[in-house]
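# Geometric and topological summary
Each chain, letter by letter, is given below.
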Amino acid sequence: MTLRYQIVPVTAFQQNCSVIWCDETRHAAIVDPGGDIQRIMAVVNEHQLEVKQLLLTHGHMDHVGGTPDLAAQLQVPVIGPHKDDAFWLQALPGQGDMFGFPRVEAFDPDQWLEDGDTVTIGNQTLAVYHTPGHTPGHVIFFNEESQTAWVGDVLFKGAIGRTDFPKGNFEQLIAAIKGKLWPLGNDVIFIPGHGERSTFGRERVSNPFVADEMPLY
Ligand SMILES: [Zn+2]
Ligand SMILES: [Zn+2]
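All of these numbers come straight from a predicted model, not from anything done at the bench.

Cut-offs and rules
Residues numbered from 1 in each chain as written. Chains lettered and ligands numbered in written order. Predicted model: local features only at pLDDT ≥ 70, side-chain atom pairs only at ≥ 80, totals over all residues. Heavy atoms only, no water. Axes fitted to C-alpha atoms, helices over the stretch in contact; angles between N-to-C directions. Helix = DSSP H or I, 4+ residues; strand = E, 2+ residues; numbered from the N terminus. Parallel < 35°, antiparallel > 145°, perpendicular 65-115°, else oblique. Left-handed = near helix turned anticlockwise from the far one by under 90°. Contact = heavy atoms within 4.5 Å. Buried < 20%, exposed > 50% of the residue type's maximum accessible area, 1.4 Å probe, protein only. Arc of directions from axis to C-beta. Donors = N, O, S within 2.8 Å, 3.2 Å for Na, K, Ca; no water. Tetrahedral: all angles 85-135°; square planar, octahedral: opposite > 155°, others 65-115°. Phe/Tyr/Trp six-rings, centres within 6.5 Å; stacked < 30°, edge-to-face > 60°.

Relative to each other, helix α1 (residues 37-46) and helix α3 (residues 67-74) sit at 40°, their axes nearing to 10 Å. Accordingly, the angle class assigned to the pair α1 and α3 is oblique. Viewed along their axes, α1 and α3 form a crossing whose handedness is right-handed. Along the contact surface, α1 presents I37, I40 and M41, while α3 presents D69, L70, Q73 and L74.

As structure tokens, then:
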């Protein structure tokens, strides 16, 4: 297995930024650099990685706040989320006030992502799925070889993403989890945007929001 990753919790929201790399080429991607970029770079330097791109699951401040500074520092493109989250990225200065974060200027990524796209990290591939509901332009990343998924704020261990933000949609979120995530397989390990990892199979049994069937007692 050549795909490796290290989780770096960032910001006051303890958002799970991940440094993902191909162990054969040491090419890397950084998923959701929400802030604390010096801590992210410590991981990059420790493993002597060559970062090629920044990947964004969705446009919330705790996931993207460090992106403009990190992209400028590393001179790499910003890829994702889906263009339906453009309004969140344009609202970044206001999000800072809403979440109590330092100000981040609005930006557009170098490339929006669509359902069915792929992202390459060295000899490894991430499949992109569009999973609206928490935000309308949310995407997740799936590496088949390692059976690992980065799902942002779609699904958590024992919970699901909030749908009370502008353009959030509870039915869409449930449909995305059951229609896009579950078919990837019960053994898939997922890294959520916050909290501990789990597997899709475990959530299908125990997650009160999306379990296959609830006991009748
Ligand atoms: Zn979010
Ligand atoms: Zn979040």
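For the rest of this paragraph, the subject is helix α5 (residues 92-99). Along α5, the residues that are buried comprise L92, P93, Q95, G96 and F99. Take α5 and look down its axis: the buried residues cluster within an arc of 160°, on one side only. Opposite the buried face of α5, by more than 90 degrees, sit the exposed residues D97 and M98. Those residues of α5 that are buried lie in contact with α2 (61-64) and α4 (86-90). Of the residues one or two after α5, G100 is the one with positive phi, at around 70°.

Glancing now at the coordination of the zinc ion (ligand 2). Around a metal, the perfect tetrahedron of four donors has angles of 109.5 degrees, and the perfect octahedron of six donors has angles of 90 or 180 degrees. Ligation of the zinc ion (ligand 2) by protein atoms is provided by D62 (OD), H63 (NE2), D153 (OD) and H194 (NE2), these donors lying 2.1 to 2.5 Å from the ion. Geometry at the zinc ion (ligand 2) is irregular, judged from its four donor atoms and the angles of 84 to 156° they form at the metal. Here the donor residues for the zinc ion (ligand 2) map to a single chain with the spacing D-H-x89-D-x40-H. In this structure, the zinc ion (ligand 2) lies 3.6 Å from the zinc ion (ligand 1), and both are coordinated by D153. Here H194 lies in the loop between β12 (189-192) and β13 (198-199) and D62 lies in helix α2, a separation of 132 residues in the sequence.

Here we take up the coordination of the zinc ion (ligand 1). Donor atoms from the polypeptide that bind the zinc ion (ligand 1) are H58 (NE2), H60 (ND1), H134 (NE2) and D153 (OD), placed at 2.1 to 2.3 Å. Considering all four donor atoms around the zinc ion (ligand 1), the spread of angles at the metal, 93 to 161°, places the coordination shape in the irregular class. Coordination of the zinc ion (ligand 1) draws on donor residues from a single chain, spaced H-x1-H-x73-H-x18-D in sequence. What makes H60 buried here is its relative accessible area of 2%.

Moving on: the packing of aromatic side chains. Per the counting criterion, the structure on display carries six aromatic pairs. Between the aromatic rings of F13 and F101, the centroid separation amounts to 5.2 Å while the plane-to-plane angle is 70°, which identifies the pairing as edge-to-face. With F13 in the loop between β1 (3-10) and β2 (15-22) and F101 in the loop between α5 and β6 (118-121), the pair connects residues that are 88 residues apart, well separated along the chain. Under the relative-accessibility criterion, F13 is labelled partly exposed at 35%. Residue class for F101 comes out buried when judged on its relative accessible area of 13%.

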